[in-house]
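# Tertiary structure, described
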Amino acid sequence: MMRRSPWTSYSQLRSFARSVRLCLEQQEQNVCRGATSQKLQVKNCGETWRPVVRNFSSQSSRSPPSSSSSSSSSSTSSTSSSQSSSSGFSSRIPPQAVSYGSLAALMLTGGGIVAYYKYLREEHIKSVKTLPSSGKAAVGGPWTLVGPTGKPFESKSLEGEFSLLYFGFTFCPDICPEELEKIAESVNLLEKLTKRKIQPVFITIDPERDDRETVNDYCEEFHPRLIGLTGTKDQIQKITRLYRVYYSKTNDSDDDYLIDHSIISYLVDPEGNFIKFFGKNSTASDMAMEMKRFVDQW
């Protein structure tokens, strides 16, 4: 007996074909939804918009069991997409210029170098200060001249107090008066600062014209305690050698002449030792402050 076919009419066959087609389209949509495992969401962070990748693993689980290969490819695609997204974010992070640790290390290193340099410098200064001295300057010594009263005046007569010696001549037109005025001012200033007296002394280098009376009258014009000393030609030559004083007559005439000489004042301590000299460029204030230093240390 012949079995009857279920598709007995054309309308039934067409209805079956439509059902199959709809079923296939639904299956295809499910596969496509399963393959899409990532979505891009824009998140507002303050004023800056940045993309954030969010993994929707729940959607991939909806894929049908028959599409295992599709799920595998979807997982691979998700991993590669996440890696590329992460690398993209890391490349956008600005590198930190200098860390606090490296900055602190740099400052410590610099401070150590500076401290070491100062240490070496101080050690060098100490080594220089401790070098052996070659002795006192070969300036000064015992001498004898003619005093204001006409009697011999020895260098020992100045011992017991500081003295300031100057070599010149009474016929000097400008240099000697200026220097003697400066000496008088420095002596007065020193006495105000220390309440101690210092003895100013004028020694002529022109014994042929500067006799005792001439020297005394000359010294009274500058300071009431200025002592004027003269002597014989040999006595003047001896003391100028002791103090390394340069002087030379000009070849004008035998009676009317000038004398070129060194412009130096010599500070002598209470024991008669030379300790300091002052040149023409030293001011009265400079001389007073420097002499005060020696007076305070005495």
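Residues numbered from 1 in each chain as written. Predicted model: local features only at pLDDT ≥ 70, side-chain atom pairs only at ≥ 80, totals over all residues. Heavy atoms only, no water.

With that out of the way, let us pick up the state of the cysteines. Tallied over the entire structure, the rule returns zero disulfides. Left without a disulfide partner, Cys 176 is nearest to the cysteine sulfur of Cys 172, which lies 3.3 Å away. According to the relative accessible area criterion, Cys 176 is buried, its value standing at 0%. (Disulfide = S-S within 2.5 Å. Buried < 20%, exposed > 50% of the residue type's maximum accessible area, 1.4 Å probe, protein only.)

What follows concerns the packing of helix H5 (residues 175-194) against helix H8 (residues 284-297). Where H5 contacts H8, the axes come no closer than 8 Å and their chain directions differ by 45°. One finds that H5 runs oblique with respect to H8. For the crossing formed where H5 meets H8, the hand is right-handed. In contact with Lys 182, Ile 183, Glu 185, Ser 186, Leu 189, Leu 190, Leu 193 and Thr 194 of H5, H8 contributes Ala 284, Ser 285, Met 287, Ala 288, Met 289, Met 291, Lys 292, Val 295 and Asp 296. Across the contact of H5 with H8, the residue classes tally to 10 nonpolar, three polar and four charged. (Axes fitted to C-alpha atoms, helices over the stretch in contact; angles between N-to-C directions. Helix = DSSP H or I, 4+ residues; strand = E, 2+ residues; numbered from the N terminus. Parallel < 35°, antiparallel > 145°, perpendicular 65-115°, else oblique. Left-handed = near helix turned anticlockwise from the far one by under 90°. Contact = heavy atoms within 4.5 Å. Nonpolar A, V, L, I, M, F, W, Y, C, P; charged D, E, K, R; others polar.)

Per-residue pLDDT for the protein chain averages 77, and the proportion of residues at 70 or more is 63%. Low pLDDT, under 50, characterises residues 4-8; the predicted model gives this stretch four contacts beyond four residues in sequence or across chains. Scored below 50 in pLDDT, residues 35-82 shows 45 contacts in the model against residues more than four places distant or in partner chains. (pLDDT = per-residue confidence, 0-100.)

On the surface, Leu 103, Leu 106 and Met 107 cluster together into a nonpolar patch covering about 330 Å² of accessible area. The residue Met 107 is located in helix H4 (residues 100-129) in this model. (Patch = residues over 30% accessible without salt bridge, like charges linked within 9 Å, V, L, I, M, F, W, Y side chains within 5 Å. Areas by Shrake-Rupley, 256 points an atom, 1.4 Å probe, with all protein chains shown as cover. Salt bridge = Lys/Arg side-chain N within 4 Å of Asp/Glu carboxyl O.)

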